[in-house]
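Below are the chains, spelled out letter by letter.
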Amino acid sequence: MRSAVVLFLLLLVAAPLLWLTKQQHDPQPPAPRDGCPSPRPRVALCFYGLNRALRHTVHGIADKIWKPLHDACAAVDVYYHVWETETAFVDTAARGGERMEVTVGDGAAEMVRLLRPFGARGITEKQATFDAAFARNASSYAPLDRRYAGPNFRNLMRQLESLRRVAALWRRSGVPYEAVVYARPDLKFLDAIDAGQLLAVPSKTVLDPYWHRWSGLNDRVLVCSRDAAALVASRIELAPGYAARTFLRAESFLQFVVKAHGLRVDDLALRAQRVRADGAVASNDLCLEYCSPARRGVCRGDCRRLSLIHISEPTRRRGRSYAVVGLKKKRGGGGGGGGGGGGG
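Computed from a predicted structure; not experimentally measured. (Residues numbered from 1 in each chain as written. Predicted model: local features only at pLDDT ≥ 70, side-chain atom pairs only at ≥ 80, totals over all residues. Heavy atoms only, no water.)

A word on the state of the cysteines
Then step 1. Here the structure, examined in full by the defined rule, presents three disulfides.
Then step 2. Here C287 is linked by a disulfide to C303, with a sulfur-sulfur distance of 1.9 Å. With the S-S dihedral at roughly 70°, the linkage between C287 and C303 falls on the right-handed side. Pair noted here: C287 is in the loop between β9 (272-274) and α11 (296-299) and C303 is in the loop between α11 and α12 (308-312), with a separation of 16 residues, a long-range link.
Then step 3. Residue C287 is classed as buried on the basis of its relative accessible area of 6%.
Then step 4. Classification of C303 by relative accessible area gives buried; the value is 0%.
Then step 5. Looking at C46, it has no disulfide partner, and the nearest cysteine sulfur is the one in C224, 9.5 Å off. (Disulfide = S-S within 2.5 Å. Helix = DSSP H or I, 4+ residues; strand = E, 2+ residues; numbered from the N terminus. Buried < 20%, exposed > 50% of the residue type's maximum accessible area, 1.4 Å probe, protein only.)

So this is what it looks like as structure tokens:
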């Protein structure tokens, strides 16, 4: 009897502590601001695809996306569409820093829980159901699936279908959004979004990151006017015809869609690194820390091409040269003069 009473008291004390711990871990949206216009401008913030790393990125999303918009008096409506799966072969592109196999676990439930404090509305659907329908659609996709001979094509189709489905949510709401943001949930944002640029985005305009555009446009995060957002989110409908004519890459395909609809593209100075399920940053995204709009010429492709000259330019006057992975004192006459520069 005594042990039962002790156990009950321990549970009585532990339950509030566990609740407080959870509240500290999960980000909470800020309280509504005073002095904002009525009605407040509205923004749709949409997440889509497979969740594997939101637990590592959600705080950055709150600080770098939600808060700047909130501080600019915008009302942010969060939407999501997430595939439900237990184990996912997320990518096989080793040069992109992906792991060959990652166990995602219950990523859909995690997304629902982490976005709930933001009042998010969304859908979780079984990825296996989409895959089965995809396999049956032999007339459009099966020949392309054979042509690309690997999981990357199917992964891209899953992502584009998830994008189309999350867009359907904000479109059905009937809200006249000033802008729509589409973002992968695995992005660690390095910059705060420019709320002024977002809220003033012109009609039929896409704001696209200046980095990692490769042979087209960066599709990891997009800011769109309301009319442009509907068009770019439904681009899976153009995928079979495009892929039958030329090799389907996400970046070049997005550029094709933007041109086909006559949309304008402006630069978005918002860097974001992909984060893996274990919390590590993708290897070819580490160099984004050294990117800036002034270096867009290098950063639009593989920014690992940034030379030591690019990286060390601010420190050359101190007689030291910095590399991405370390610090090395220059040989020659600069050794003595650089001693006053201090640490890096």
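Describing the environment of V76
Then step 1. One can find V76 in strand β2 (residues 75-84).
Then step 2. Sequence-wise, V76 and F118 are 42 residues apart; in three dimensions their C-alpha atoms are separated by 8.7 Å.
Then step 3. Ignoring anything within four residues of it in the chain, the contact list for V76 reads V43, L45, W66 and L69. (Contact = heavy atoms within 4.5 Å.)

Observations concerning helix α3 (residues 107-115)
Then step 1. For α3, the set of buried residues is G107, A108, E110, M111, L114 and L115. Around the axis of α3, the buried residues are gathered within 160° of arc, so they sit on the same side.
Then step 2. Packed against the buried residues of α3 are β1 (42-49), α2 (54-71), β2 and β3 (121-126). (Arc of directions from axis to C-beta.)

Structural notes on the pairing of strand β6 (residues 205-209)
Then step 1. Most of β6 is tucked away: five of the five residues are buried.
Then step 2. Here β6 shows two buried faces, one formed by T205, L207 and P209 and the other by V206 and D208.
Then step 3. The pairing of β6 with strand β8 (residues 264-268) spans five bridges and is parallel. When the bridges of β8 are listed, V206 appears paired with V265.
Then step 4. As defined by bridge partners, β6 adjoins strand β7 (residues 221-224) across two bridges and the pair is classed as antiparallel. Along β7, the bridge assignment pairs V206 with C224. (Pairing = 2+ DSSP bridges.)

Looking at the packing of α2 against α3
Then step 1. Contact geometry of α2 with α3 gives a least axis separation of 11 Å together with a crossing angle of 25°. With respect to each other, α2 and α3 are oriented roughly parallel. Here the hand of the crossing between α2 and α3 comes out right-handed. Across the interface between the two elements, L54, R55 and V58 of α2 pack against E110, M111, L114 and L115 of α3.
Then step 2. Its residues assigned to classes, the contact of α2 with α3 shows five nonpolar, no polar and two charged. (Axes fitted to C-alpha atoms, helices over the stretch in contact; angles between N-to-C directions. Parallel < 35°, antiparallel > 145°, perpendicular 65-115°, else oblique. Left-handed = near helix turned anticlockwise from the far one by under 90°. Nonpolar A, V, L, I, M, F, W, Y, C, P; charged D, E, K, R; others polar.)

A word on the packing of aromatic side chains
Then step 1. Applying the stated rule across the entire model yields seven aromatic pairs.
Then step 2. Pairing Y79 with Y177 gives two aromatic rings, centres 6.4 Å apart and planes at 90°, and the pair type is edge-to-face. With Y79 in strand β2 and Y177 in the loop between α6 (151-173) and β4 (179-183), this pair connects stretches of sequence that are 98 residues apart. Judged on exposure class, the residue Y79 and its partner Y177 are both buried.
Then step 3. Geometrically, the ring pair formed by Y242 and F256 is tilted, given 4.8 Å between the ring centres and 40° between the ring planes. On the criterion of sequence distance, the pair formed by Y242 in helix α9 (residues 239-245) and F256 in helix α10 (residues 250-260) is long-range, its members being 14 residues apart.
Then step 4. Look at F256 and you get partly exposed, because its relative accessible area is 29%.
Then step 5. Counting every residue linked through ring pairs, the aromatic cluster contains Y79, W170 and Y177. (Phe/Tyr/Trp six-rings, centres within 6.5 Å; stacked < 30°, edge-to-face > 60°.)

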